[in-house]
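# Observations on chain architecture
So you can see what is in the structure, the chains are spelled out below.
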Amino acid sequence: MSKVFEENYSILSSRFAISSFFAQSLKSTFKKKKWQEPKDWQESLKLHEVEILYVYGLSLSFDRVKKWLHEKKERRVIFFEDNPNKLNLFLHQEKAKEILEDPQVYVYYLISEELFLQDIALNFFSDKVLVATSKKETQKFLNLKSHILKRSTFAHYYCFDRINASKLFINFLKNVKKLPTSFYLNKLKDQFKNIPAIICGAGPSLDLSIKLLSKLKSQALIIAGGSAIAALTKQGISPHFGVVIDPNEEEYLRMKKNMDPSIPMLYSTRVHPDVFKTFKGSFGYFKAEIGGKSETWLDKALNLQEELLDKELLDRSLSVTSTCIAIAAYLGCSHIILNGVDLAFSNQKLYADGVIDPKDNKLNLANLISIQDKNKKPSFTSITWMMEGDNISQWAQKSKHKLIDATPFGYELKGVKKMSLEDFFKKSLPNKLDLNNHLQSSIQKASFDNLPSVDLLIEKLKGSFLRSQELILQIIEENSSCGEDSAKTIVLKLELEEEEAYQYFLYDYLYIADNKIQREKLPTTKWHLLKKSLDEFLASF
């Protein structure tokens, strides 16, 4: 075997063991061929805002990408190859050494697509991702591209949440104090049987249904999420429920545009606490664990026995729409009708009227995905909307609940029945009800039972954070003198893992911190980063 192969194989083995195993297994059957690849695959790449570039197919034509890669230390190139002979041939090329030795380059042999997707989701967190190919653009590549974008996006949002957990904790503490004056939505299971629900999103097509919606308030439970609340009330329509979950200040700024402060508002503990300033009606907490393990702690501390909203739907949700669907299903609504849920930029607009300033309600094509909408017309969407649409589609196909897509434009929800709002209500003829009275009566019966003192629970939690802080300081000190594998360190770690603060709020931060250190080449340890994060949590009390 050639000296070039042996040298390259040695580098591959030290950095990418699994890939090297398959290259080694082909040594005896290798037939030397001339290296071939498209020379211009790099030319059309738009790399300006990209952090991670995935390339399907190993490549030696690396000059343009290499220049971009080394401009910032956070950037990565990930080659993934599914042809073992191509991997073997690559290792026979002298130029491969430069690529294999580059610490910002990773090489995967695609033994299993699922294992590859799991690995990149665990190790590469970014929403600034580009997936390219140095081969011909096949359907297999397009499928892989879609899966990579979805896994990367979900991993990015999860990691972003965890890295910023101490900031979200500020929202959590403030919102928990609203519980004594809130009603408890999970007590209303199946209280709206035989009543259809209309889930209103803030997509551009919402404007087309405004006149009809105003006539349906006595026939259907109207639920609006986030920006749709402002869009509807601007047109004089007050939904029966508003739902707010977004932790960012933008949620508060949108809610300031709400024209009916009396709407019953359902909230997650993640939501930006200033949204409560914009409403004067009833507030309802719903048990769904949207806030992750922090809400698991809360539900346990409050001894809330009622079942969660649909966890399978919400675990993969990236927008408030799925939360609204889960609420309607929990309430027992006979049909769940999606309206204004475009999940795309219909008619070149971002939102329905009334959400943002009209001059800003225009389409910017950067980082968007070109699609054919449900009417086979050209449109644009984002990877997060595609993921949300696919999540809803999968849920609808498995669920016993009847989901109907009445949004006339936008991303196609596969397997979901399409029917206009007008047609549904002509055919179904639901009874006219005094839904507002039914709603208020239900809310009055949904108070919390024997709610313990929230202030005492928070004080107890603070004590756990303080003990965790002391344990981490001891671990850092022990590591500096005796190493991380010392008997004392192991005992201290076990004590830390028993603390509620660690179990429900810091549980995966060591892994996140370790990844952050490696990615950004930080001169610190995961324990120091954990200590810093814990200090930020304590500053929130």
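The structure under discussion appears in the preceding block.
Residues numbered from 1 in each chain as written. Predicted model: local features only at pLDDT ≥ 70, side-chain atom pairs only at ≥ 80, totals over all residues. Heavy atoms only, no water.

### A word on the overall build of the protein
Counting its regular elements, the protein contains 22 helices and 15 strands. Against the 2.2 N^0.38 benchmark of 24 Å for 541 residues, the protein shows a C-alpha radius of gyration of 27 Å, consistent with a compact globule. Taken along its principal axes, the extent of the C-alpha atoms in the protein is 85 × 60 × 40 Å. Looking at the 541 residues of the protein, the share that counts as buried comes to 54%. Here the protein displays about 25500 Å² of accessible surface, and carbon together with sulfur accounts for 51% of that area. (Helix = DSSP H or I, 4+ residues; strand = E, 2+ residues; numbered from the N terminus. Rg over C-alpha atoms; globule rule 2.2 N^0.38 Å. Buried < 20%, exposed > 50% of the residue type's maximum accessible area, 1.4 Å probe, protein only. Areas by Shrake-Rupley, 256 points an atom, 1.4 Å probe, with all protein chains shown as cover.)

### Things to note about the pattern of salt bridges
Within the structure shown, the criterion is met by 27 salt bridges. Among the ionic pairs, Lys150 bridges to Asp390, the shortest N-O distance being 2.5 Å. Taken together, the residues Lys150 in helix H7 (residues 139-163) and Asp390 in helix H15 (residues 383-398) connect sequence positions 240 residues apart. A relative accessible area of 16% places Asp390 in the buried class. For the salt bridge of Glu499 with Arg467, the shortest nitrogen-to-oxygen distance reads 3.0 Å. Of this pair, Glu499 sits in the loop between helix H19 (487-497) and helix H20 (500-506) while Arg467 sits in helix H18 (residues 454-482), placing them 32 residues apart in sequence. Overall, the relative accessible area of 45% leaves Arg467 in the partly exposed class. (Salt bridge = Lys/Arg side-chain N within 4 Å of Asp/Glu carboxyl O.)

### Describing the packing of aromatic side chains
For any two aromatic rings, the description comes down to two numbers: the centre-to-centre distance and the angle of the planes. One pass over the structure, following the stated rule, counts 27 aromatic pairs. Measuring from ring centre to ring centre gives 5.4 Å for Tyr56 and Phe80, while their planes differ by 25°; the resulting arrangement is stacked. In this pair, Tyr56 sits in strand S1 (residues 52-56) while Phe80 sits in strand S2 (residues 76-81), placing the two residues 24 residues apart along the sequence. The class for Phe80 is buried, based on a relative accessible area of 0%. A centroid spacing of 5.2 Å and a plane angle of 20° characterise the contact between Phe465 and Phe537, whose relative ring orientation is stacked. (Phe/Tyr/Trp six-rings, centres within 6.5 Å; stacked < 30°, edge-to-face > 60°.)

### With respect to the layout of surface pockets
The computed volume of the second largest pocket comes to approximately 590 Å³. Taken together, 26 residues make up the lining of the second largest pocket; nearest its centre are Tyr106, Tyr108, Asp119, Asn123 and Phe124. Mapped by element, the contributors of at least two residues to the lining of the second largest pocket are helix H2 (17-25), strand S3 (105-109), helix H6 (113-123) and helix H21 (509-520). Looking at the lining of the second largest pocket element by element, the count peaks at six residues for H6. Tallied by class, residues from the lining of the second largest pocket come to 14 nonpolar, six polar and six charged. (1 Å grid on protein atoms, 1.4 Å probe; cavity = no way out; pocket = protein on both sides within 12 Å on 5 of 7 lines; lining within 4 Å. Points joined across faces, edges and corners; volume = space filled by probe spheres on them. Nonpolar A, V, L, I, M, F, W, Y, C, P; charged D, E, K, R; others polar.)

### Here's the deal with unusual backbone geometry
With a phi close to 50°, Leu343 is a non-glycine residue in the positive phi region. In this fold, Leu343 is placed in the loop between strand S11 (335-339) and strand S12 (369-372). Of the residues examined, Leu343 reaches a relative accessible area of 7% and is grouped as buried. A positive phi is found at Lys376, a non-glycine position, where the angle reads about 65°. Here Lys376 shows up in the loop between S12 and strand S13 (378-381). A residue is classified by how much of its surface remains accessible, and Lys376, at 55% relative accessible area, is exposed.

### With respect to the sheet that holds S2
Taken in spatial order, the four strands of this open sheet run S3-S2-S1-S4, and their pairing is parallel. Strand pairing shows two members of the sheet lacking a second neighbour, S3 and strand S4 (129-133), which therefore form its edges. Recorded for the sheet is a direction-independent mean angle of 20° between the axes of neighbouring strands. Bridge analysis of S1 against S4 gives five bridges, and the strand direction is parallel. Following the sheet pairing, Leu53 is matched in S4 by Leu130. Along the sheet face, H7 touches S1, S2 and S4 and points at about 165° away from the line of S4. (Pairing = 2+ DSSP bridges. Axes fitted to C-alpha atoms, helices over the stretch in contact; angles between N-to-C directions. Contact = heavy atoms within 4.5 Å.)

### Observations regarding the side chain of Ser59
With respect to the helices and strands, Ser59 occurs in the loop between S1 and helix H3 (63-69). With a relative accessible area of 1%, Ser59 lands in the buried category. There is a polar contact of 3.0 Å between the side chain of Ser59 and the side chain of Trp41. A polar side-chain atom of Ser59 sits 3.1 Å from the main-chain amide nitrogen of Ser61. Discounting residues that sit within four places of it in the chain, Ser59 has contacts with Trp35, Glu37, Trp41, Phe79, Phe90, Ile99 and Ser134. (Polar contact = N/O pair within 3.5 Å; in protein donor to acceptor, adjacent residues only side chain to side chain.)

### Details of the packing of helix H8 (residues 165-176) against helix H22 (residues 526-539)
Where H8 meets H22, the closest approach of the two axes is 9 Å, and the angle between their N-to-C directions is 15°. As judged from the angle between their axes, H8 and H22 are roughly parallel. Considering how the two elements wind past one another, H8 and H22 form a crossing that is right-handed. The segment H8 lies against H22, with Ala165, Ser166 and Phe169 engaging Ser533, Glu536 and Phe537. Residues that form the contact of H8 with H22 fall into these classes: three nonpolar, two polar and one charged. (Parallel < 35°, antiparallel > 145°, perpendicular 65-115°, else oblique. Left-handed = near helix turned anticlockwise from the far one by under 90°.)

Coordinates in, geometry out; function isn't part of it.
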